[in-house]
Amino acid sequence: MDLDDSPQQAAYRAEVRAWLERHKPEAPVLQGPDALENEDEIVAARRAWQGKLAEGGLAGVTWPKEYGGQGLGPIEQVICNQEIGRAKVPGILDSIGVGMLGPTIIAHGAEEQKTRYLGPMLHGDEVWCQLFSEPAAGSDLAAVQARARLQDDGSWRLTGQKVWTTNAQFASYGLLLARTDADVPKHKGLTMFIVPMDAAGVTVRGLRQISGEAEFNEVFFDDVSLDGDAVVGGVGNGWGTALTTLMYERVTIGLGGEGLGYDSVRFASAIAADERARRDHEVRRQLGEIASELLAVRFTSYRTLTGLQKGQIPGPEAGLAKVTIVNGAIRAGDLIADVLGPAALAKDSEWAYMISFLPGLKSAGGTEEILRNTVGERVLGLPPEPRLDKGIPFSELRSKEGAAA
Amino acid sequence: MNLALSDEQVFLREAARGALSRFKTLEAARQALDDDEFALPDMWPTACEAGWPGLLIDEAHGGAGLDAFDAMLVLGECGRVLAGIPLLGHLPATAILNDSANGASLLGALATGESRAAYLPVSPPGEVDEHWSADPSSGLARAAAPTAVRTAGTEGDGARVSGELAFVPDAPGADLLVGVALLDGRPVGVAIEVQNASGVAVEAVTRYDATRSLGHVSLTDAPATLLDAPEAALAGAWYLVQALIAAESIGSVETALETSVAYANERHTFGRAIGSYQAVKHSLTEVLRQLENGRSLLYYAGWARVGAPEEFPLAASAARSVAGRALDHAARTMVSVHGGIGATWEHDAPLYFRRAQLSRRLLGGTANATDRVAGELIAQASAA
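Note that the structure is a prediction, hence the values are computed from the model and not measured. (Residues numbered from 1 in each chain as written. Chains lettered and ligands numbered in written order. Predicted model: local features only at pLDDT ≥ 70, side-chain atom pairs only at ≥ 80, totals over all residues.)

Moving on, we come to the overall build of chain A. In terms of regular secondary structure, chain A is built from 13 helices and 8 strands. Relative to its length of 405 residues, chain A is compact, with a C-alpha radius of gyration of 22 Å against a globular reference of 22 Å. Counting only C-alpha atoms and orienting by the principal axes, one finds that chain A spans roughly 70 × 55 × 45 Å. For chain A, the share of sequence-separated contacts (at least 6 apart) that also reach a separation of at least 24 residues comes to 69%. (Helix = DSSP H or I, 4+ residues; strand = E, 2+ residues; numbered from the N terminus. Rg over C-alpha atoms; globule rule 2.2 N^0.38 Å. Contact = placed C-beta atoms within 7 Å.)

Structural data, given as structure tokens:
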């Protein structure tokens, strides 16, 4: 049992570190007095930086070489992330594309799609967004209603709405899950599409949240025309293709638990600065409990990594680490606000921002409830709840739901 | 990066599970609660055969020369079946002696288990309790650490030790007591032979969980050997015992969860298994969440003792904090998932519940460990 790099890993780390030292002056500055402020400038600078990281081999570390990646393993990806963090420079802008959507296209896409899209995605020339969730399809993702209809000329017409779409406001493409056949059970009638975000009929609207900022978007599709070759992974195979994306999402969560910045030393700093609070038994008890769980997540990710090196894919239990992080950070925000009082809720306070952001994060990537269902069934082997939608054509579900209510 | 168990560690764990399965530990645990005269099965010979008493003793002194994580694997197996084997007291005592040049002569007999030691738990200073201190016999205020005076007229390592230590694990029947005393206000390691010694009284006490051997130790000018262990080893023993009881607790959580999941699959209400209801499913995944967090921290503590000694206090305290709460929650969930039957004497759940209630309050208690995590982080934050 050790946490050390192997000689090859140490050599790789040194290589990455050296590259970052050489190129750090070119990285966009996002914090401090010289930080960029204009949203468009930030995005442009981060896209350019992603291109440099890609040229240096620091993006798409696990992608196959033929698609511009390094063909390395998850451990090298983690080393790369650690060194980027250590150098205090931004990582890639399009982590959703490079981390989840690109690998999905690599697994299921046609050769022409890989040739056309992967290079510009990796270099940040074309940013991607994930168009899966809908207002009535989140936990029950297979309930998507965005409808794509095949036309006589082999093209598709798409109508519907997506939500919680990060980066949609500047994305070039989206990977979209749509219903193509409503007369079969819901998991069977789905198809995955590549959608150009500048197509006629696509409308992106920012979705403001508790913080007042728009972290996500709603995206509307009004009779959008898609070419026949926009289908990824075959018509009717959308659910299997989506599961690949969700698997990569778990890998991202499993390896990046600390990447959210909810670090116990950061929380302790807020407490340590207050002489009374740092000696208060109740405050210390709360801090100790929160910090112990957040520390655990770090070692859970090392365990996940150990498994990945042996070729084990993280299972749904990786979602429990997310539950721990989010709930731990919520408790920490509460504790810090209790200590600081209303001062913690000032307009530009980092704590006010965190406190506002977390209630939404609780549902991101799967609500806590659906995560616990999945873990209970797949990991503990508990029986699923009886469901009313099995084997029923999607088009008949609505009336069944009405009858059951 | 490798947090996988080695083949040897897997073997150690499987061998422990096999050896312990030869005893009806749960039946004994229940019977011991019913009958004050009932003697728990003596599992020490089994422990000796397996080499567990010498786990943390260097090979040069007859031990296995293994590390905390290996010992934690064995304690985890003991925790699974509530086996009462006096390793919690013995292992930290051997760790102090193993770090003392003048303690070496005692190690041979301790490694084979021919002689048995118990650790006198004294916690190192922290931000709130600024002195070395011992668990009190009752209440929140910590008790004074024992004191030592050099035996008059000798330049050697002889001393006399006085003090009171409450709820010392595995003290009854131990041949040797090893711990920390204050000599002119400075912490020193002390070893006290129990047999034929004057000024040593060990009163066996049973509290709530009869599988747990405890003793109140009273020392009155007890003859002792001053050990030349470094101060780090004296503090290290406290954190080691935290890591060991954490590992033992996580083992108990495993059984509590497995038993509860099996029952939730088997028991039906309103025409379906109770495990299919979200309320039950979610409370069991909460047990799993805490179990996995605890297990991850066992890896942290097991690695840190040698890999990053400056982090061992934080790692072991965090493991204890999470494991203590995990066992409390797992035992309560075990009782409630089983419904009324889970709260009856026939069921094993009350035995795990009793184990949880007592474990949580021993060795400074989960609360002390949690406070220490806060202290370590506040110190880190202040230094940054």
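Turning next to the overall build of chain B. Helices and strands together make up the secondary structure of chain B, namely 11 helices and 12 strands. Taken against the 2.2 N^0.38 rule, which gives 21 Å for 384 residues, the C-alpha radius of gyration of chain B at 21 Å falls within 12% of a compact globule. For chain B, the spread of C-alpha atoms along the principal axes amounts to about 80 × 55 × 45 Å. Scored against the burial criterion, the 384 residues of chain B give a buried share of 55%. (Buried ≥ 20, exposed ≤ 12 C-beta atoms within 10 Å, placed from the backbone.)

Taken together, the contact pairs 44 residues of chain A with 43 residues of chain B. Within the residue set of the side of chain A that touches chain B, elements represented by two or more residues are α7 (264-272), α9 (281-309), α10 (318-340) and α12 (368-378) of chain A. Broken down by element, the residue count for the side of chain A that touches chain B peaks at 16 residues, all from α9 of chain A. Here the side of chain A that touches chain B is composed, by residue class, of 23 nonpolar, 10 polar and 11 charged. (Nonpolar A, V, L, I, M, F, W, Y, C, P; charged D, E, K, R; others polar.)

Now for the packing of α9 of chain A against helix α8 (residues 278-307) of chain B. A pair of packed helices can be characterised by two numbers: the angle between their axes and the separation between those axes. The N-to-C vectors of α9 of chain A and α8 of chain B enclose an angle of 75°; their axes lie 8 Å apart at closest approach. One element, α9 of chain A, and the other, α8 of chain B, form an angle in the roughly perpendicular class. Every residue of α8 of chain B that contacts α9 of chain A at Ser292, Glu293, Leu295, Ala296, Phe299, Thr300 and Arg303 of chain A is listed here: Glu292, Asn293, Ser296, Leu297, Tyr299 and Tyr300 of chain B. The class makeup of the residues in the contact of α9 of chain A with α8 of chain B is 6 nonpolar, 4 polar and 3 charged. (Axes fitted to C-alpha atoms, helices over the stretch in contact; angles between N-to-C directions. Parallel < 35°, antiparallel > 145°, perpendicular 65-115°, else oblique.)

The strand order β2-β3-β4 (chain B) describes an open sheet built from 3 strands, whose pairing is antiparallel. Looking at the sheet topology across the chains shown, the edges are occupied by β2 (122-123) and β4 (143-144) of chain B. (Pairing = 2+ DSSP bridges.)

Okay, helix α10 (residues 349-359) of chain B next. Side chains three or four residues apart in an α-helix point the same way, a direct result of the helix having 3.6 residues per turn. Burial within α10 of chain B is extensive, with 8 of its 11 residues counted as buried. Contacts from the buried residues of α10 of chain B go to α2 (25-34), α7 (231-266) and α9 (312-337) of chain B.

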